[in-house]
Amino acid sequence: QVQLVESGGGLVQPGGSLRLSCAASGSLFSISAMGWYRQAPGKQRELVAAVTTSGSTTYLASEKSRLTISSNNAKNTIYLQMNSLKAADEAVYYCYAHGISLATGNPEDHWGQGTQVTVSS
């Protein structure tokens, strides 16, 4: 069983910053990448940022200048630093982990419960 525990969401003023964290735990799962999606009300879920265990990163192109994703592979934890937050960033942010089940050899994706980011004065 793989569990993803997110933290760091909350209320922030426009122009402020937040740092999201996501820690993966469990056995029989080899992680190859972790990242963050977000979903605002009435909108589709979109990829915000991702990082592979080799350190390659991917960002939502329109937001790249305001985002930094980092990882601690030893702790199976990733971090998303978000700066200059605006109303359009308000959404539920979901952590995911992609990898291989060591039990079946099949690729798997696992998701966290989501953490709310609210941008308001």
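Here goes a summary of the coordinates provided. (Residues numbered from 1 in each chain as written. Predicted model: local features only at pLDDT ≥ 70, side-chain atom pairs only at ≥ 80, totals over all residues. Heavy atoms only, no water.)

Re the nonpolar core
Convention followed: Within this scheme, the nonpolar core is defined by two criteria: the residues are buried Ala, Val, Leu, Ile, Met, Phe, Trp, Tyr or Cys, and they are joined through side-chain atoms within 4.5 Å. Each residue is placed in one exposure class: buried if its accessible area under a 1.4 Å probe, protein chains only, is under 20% of its type's maximum, exposed if it is over 50%, and partly exposed if it falls in between. Helix and strand definitions follow DSSP, with helices as H or I runs of at least four residues and strands as E runs of at least two, each counted in order from the N terminus. Note on definitions: a residue-residue contact is assigned when non-hydrogen atoms from the two residues lie within 4.5 Å.
Ranked by size, the top nonpolar core spans 28 residues in total, and within it Met-34, Trp-36, Ile-69, Ile-78, Leu-80, Met-82 and Tyr-93 carry the most contacts. Broken down by secondary-structure element, the contributors of at least two residues to this core are strand E3 (18-25), strand E4 (29-39), strand E5 (46-52), strand E7 (67-72), strand E8 (77-82), strand E9 (91-101) and strand E11 (115-119). Contacts of Met-82, omitting those with residues within four sequence positions, involve Gly-16, Ser-17, Leu-18, Leu-20, Arg-66, Leu-67, Tyr-93 and Val-117.

Description of the state of the cysteines
As a reminder of what qualifies: Whenever a pair of cysteine sulfur atoms sits within 2.5 Å, that pair is classed as a disulfide.
Counted according to the given criterion, the structure contains 1 disulfide. With its sulfur 2.0 Å from that of its partner, Cys-22 forms a disulfide with Cys-95. Between Cys-22 and Cys-95 the disulfide shows an S-S torsion of about -85 degrees. By sign, it is left-handed. Of this pair, Cys-22 sits in strand E3 while Cys-95 sits in strand E9, placing them 73 residues apart in sequence.

Quick word on the sheet that holds strand E1 (residues 3-7)
For clarity, the threshold we go by: When DSSP finds at least two bridges between two strands, those strands are taken to pair. Axis definition: a line fit to C-alpha positions, over the contact stretch in the case of helices; interaxial angles, taken between N-to-C directions, run 0 to 180 degrees.
Here we have 4 strands laid out as an open sheet, ordered E1-E3-E8-E7, and antiparallel in their pairing. Bordering the open sheet on either side are E1 and E7, each of which pairs with just one other strand. Averaged over all pairs of adjacent strands, the angle between strand axes in this sheet comes to 15 degrees, irrespective of strand direction. Pairing geometry for E1 and E3, over 5 bridges, is antiparallel. Across the sheet, residue Val-5 finds its bridge partner in E3, namely Ala-23.

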